[in-house]
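# Summary of the model geometry
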Amino acid sequence: MSFCWVSGPIPSVEAQTKAKFSLSRFISRSSWSATAETSASTVSLTVCSHPNAPIGVYKLILDQGEAIGLGEFVLLFNPWCKQDPVYLASEAEREEYVLSQDGLIYRGIPKRITVLPWTFGQFEPGILDICLQILDESPNYISDAALDCSERRNPVYVTRVLSAMINSLGDKGVLVGNWSDDYEDGVKPTVWKDSCSILRQWSNDGCRAVRYGQCWVFAAVACTVSRALGIPCRVVTNYGSARDSNGDLVMERFYNEFDENIADDSIWNFHVWVENWMTRPDLSLGYEGWQASDPTPQHRSEGVFCCGPAPVRAIKEGELTFKYDVPFVYAEVNADVVEYIKLRDGRVFKMGGSTTEVGKSISTKAVGRDEREDITHNYKYPEGSEEERRVYEKANHHNKLAQAGEEPGLHIKIKVTPDMQIGSDFDVYAELKNNTMVTKSCRVMFYAQAVSYNGKLGETCGLGEFTEMNLASTEGEPERLTTLIRCDFGPLQILGVPKVGQNLVVDLALQNPLPEPLENCVFTIHGANLTDGKPITHE
């Protein structure tokens, strides 16, 4: 008795999308094999796949002179199998990075990190089919289906396809990015709280891209699809994330005489991507493990809007020649900042800069706990250490600023009062310090502007000008400005004791931190296998 399995539209032995095998006494862990047990009129068949077989939908065929279809099954990556390229040894990490259907995404700024609960829902009904549909809608599959199905044995390849297909630039991807503040023809990115709603909408609308997403939404959907396909995945947030437009590993800020930034480089308050766990047989030993992949469409890689997978260790060690897109991610977490002023006559003067502004408090959810884990050390050595210097030299980072503590000159620091109440007026202090050997005559004028997380400036929310003052050597002087920014809320408290198999009455309590009442408020609740795949909304 012999069997045959086939996958894809053009199965072939050469492409490893077709194989024949016979019944044996024992299961083989290194090749396709099968054993059978009979009982009365029933035959129980146990099939074991090759550990490097491509993932996807398979047809199992019994060959007895004529082909008899026995059924279909879906083969996924297997992080429990030691021979699988996504094998993950820790059971606790498999529970977190493969099986967990919900998690936490971090946003905000390093001094005020906020938490967004997210429902990944990779085991919700129909989601796996949609994840496989994403692979089948990729340009790679459309141009050469046989080759694409064969390459699906490689998690590096699959992760790269997902990075391109989660965004919709250049293909029939899942999400449209929008940072314009105009969302009338779609859904505001901050409204999304789960991946399944997005994936179902994409599939039900004939693979038409869902409007709209921003970095954390792209990353969350990528995490859902990765986990559904068996690839361990976690969502990562980088604070002070640089977007290096010209690939020189330096964030150059050019200002005109009116203090307007006229450069293309930008630094986002935070940026979110994913890490996937896998081997890297295409690279030197030691660069397996976590690989950074970014589905947000901000970078072309080999002509496609995708990024990664980039070995996290290669980023830390400055191995910029390793695949894929290590220089881009390296700049996101480790670029220097240099500031210039460009006069009307064309002359350019260097004003200053920073070696520590980029890549702070890199965060992900801790294993088995609803807490933040700081993984900055995975991406970079401590600022100013000998290891960091060595890495910068390897990366040809010749424009590194000298890090020698407090430099001479006239310095200014901006501070806020420690009892600042978000949503109310608060005082901002500009602290001037004269570190020169002579008295300095100064006139201070400064203003405040609201800024979104991606660096986009909003309206002026504070303006102050102060009379001329004389600062003696090593003397400091504070000046005060009153300003206002939008409100933020504390954590939501959920009361109640959940029990398996029983309905749960949940009390939701939220304290209003503002001195005025809030109106037209809405609670929205998501839960994998708890809310029938739809949100519960209560006004």
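Scroll up to find the structure this text is about.
So, here is what we can say about the structure in this document. This structure is a prediction, so every number in the text was calculated from the model and none was measured.

## Things to note about a nonpolar patch on the surface
- A surface patch of nonpolar side chains, about 340 Å² in accessible area, is lined by Leu23, Leu45, Val47, Ile68 and Leu70.
- The set of elements that each furnish at least two residues to the nonpolar patch consists of strand E4 (42–48) and strand E6 (67–75).
- For Leu70, the position within the fold is in strand E6.

## Here's the deal with unusual backbone geometry
- A cis amide bond links Arg211 to the next residue, Tyr212, at an omega of 10°.
- Following Lys323, the chain continues into Tyr324 via a peptide bond in cis, with omega recorded as -5°.
- Looking at the secondary structure, you find Tyr324 in the loop between helix H8 (312–317) and helix H9 (326–334).
- Look at Ser361: it is not a glycine, yet its phi comes out positive at around 45°.
- One can find Ser361 in strand E20 (residues 360–365).

## Details of the sheet that holds strand E12 (residues 250–255)
- If you trace the three strands from one edge of the open sheet to the other, you get E12-E18-E19, paired in mixed fashion. Strands at the two margins of the open sheet, each flanked by one partner only, are E12 and strand E19 (348–354). The average angle at which neighbouring strand axes cross in this sheet is 25°, direction not considered.

## Focus: the packing of helix H2 (residues 127–136) against helix H7 (residues 215–228)
- Relative orientation of the contacting elements H2 and H7 amounts to 100°, with a least axis distance of 9 Å. In terms of their interaxial angle, H2 and H7 are classed as roughly perpendicular. For the pair H2 and H7, contact is made by Ile127, Leu128, Cys131 and Ile134 and by Thr224, Val225 and Ala228, respectively.
- A breakdown of the residues in the contact of H2 with H7 according to their chemical character gives six nonpolar, one polar and no charged.

## Some remarks on the environment of Phe254
- Mapped onto the fold, Phe254 is located in strand E12.
- Each C-alpha atom, one on Phe254 and one on Phe349, is 9.4 Å from the other, the two residues being 95 residues apart in sequence.

## Considering the packing of H2 against helix H6 (residues 196–204)
- Where H2 meets H6, the closest approach of the two axes is 10 Å, and the angle between their N-to-C directions is 60°. Viewed along their axes, H2 and H6 adopt a mutual orientation that is oblique. Remark: the crossing between H2 and H6 carries left-handed chirality. Between H2, through Ile127, Ile130, Gln133 and Ile134, and H6, the contact on the second element is made entirely by Cys196, Leu199, Arg200, Trp202 and Ser203.
- Its residues assigned to classes, the contact of H2 with H6 comprises six nonpolar, two polar and one charged.

Criteria and cut-off values
What you see as residue numbers is a count from 1 along each chain, following the sequence as written. Given that this is a predicted model, residues contribute local features only at a pLDDT of at least 70 and side-chain atom pairs are listed and counted only at 80 or more, while totals for whole chains, interfaces and linings are drawn from all residues. Only heavy atoms go into the side-chain values, all of them from the structure, while hydrogens and water stay out. Patches were defined on residues exceeding 30% relative accessible area and lacking a salt bridge, with like-charge contacts within 9 Å and nonpolar side-chain contacts (Val, Leu, Ile, Met, Phe, Trp, Tyr) within 5 Å. Note on areas: Shrake-Rupley with a 1.4 Å probe; residue coverage comes only from the protein chains shown. Salt bridge, as applied in this entry: a Lys or Arg side-chain nitrogen positioned within 4 Å of an Asp or Glu carboxyl oxygen. Put simply, DSSP H or I for four residues or longer makes a helix, DSSP E for two residues or longer makes a strand, and each gets a number counted from the N terminus. A pair of strands is considered paired only if DSSP assigns at least 2 bridges between the two. Axis geometry follows a simple rule: fit a line to the C-alpha atoms, using only the stretch in contact for helices, then measure angles between N-to-C directions, giving values from 0 to 180 degrees. Throughout, the term roughly parallel applies to angles under 35 degrees, roughly antiparallel to angles over 145, roughly perpendicular to angles from 65 to 115, and oblique to all others. In this description, contact between two residues means that some pair of their heavy atoms is separated by no more than 4.5 Å. Under the grouping applied here, Gly and all other residues not named as nonpolar or charged are polar, the nonpolar ones being Ala, Val, Leu, Ile, Met, Phe, Trp, Tyr, Cys and Pro and the charged ones Asp, Glu, Lys and Arg. Crossing handedness: left-handed means the near helix sits turned counterclockwise from the far one by under a right angle, and right-handed means the same turn made clockwise.

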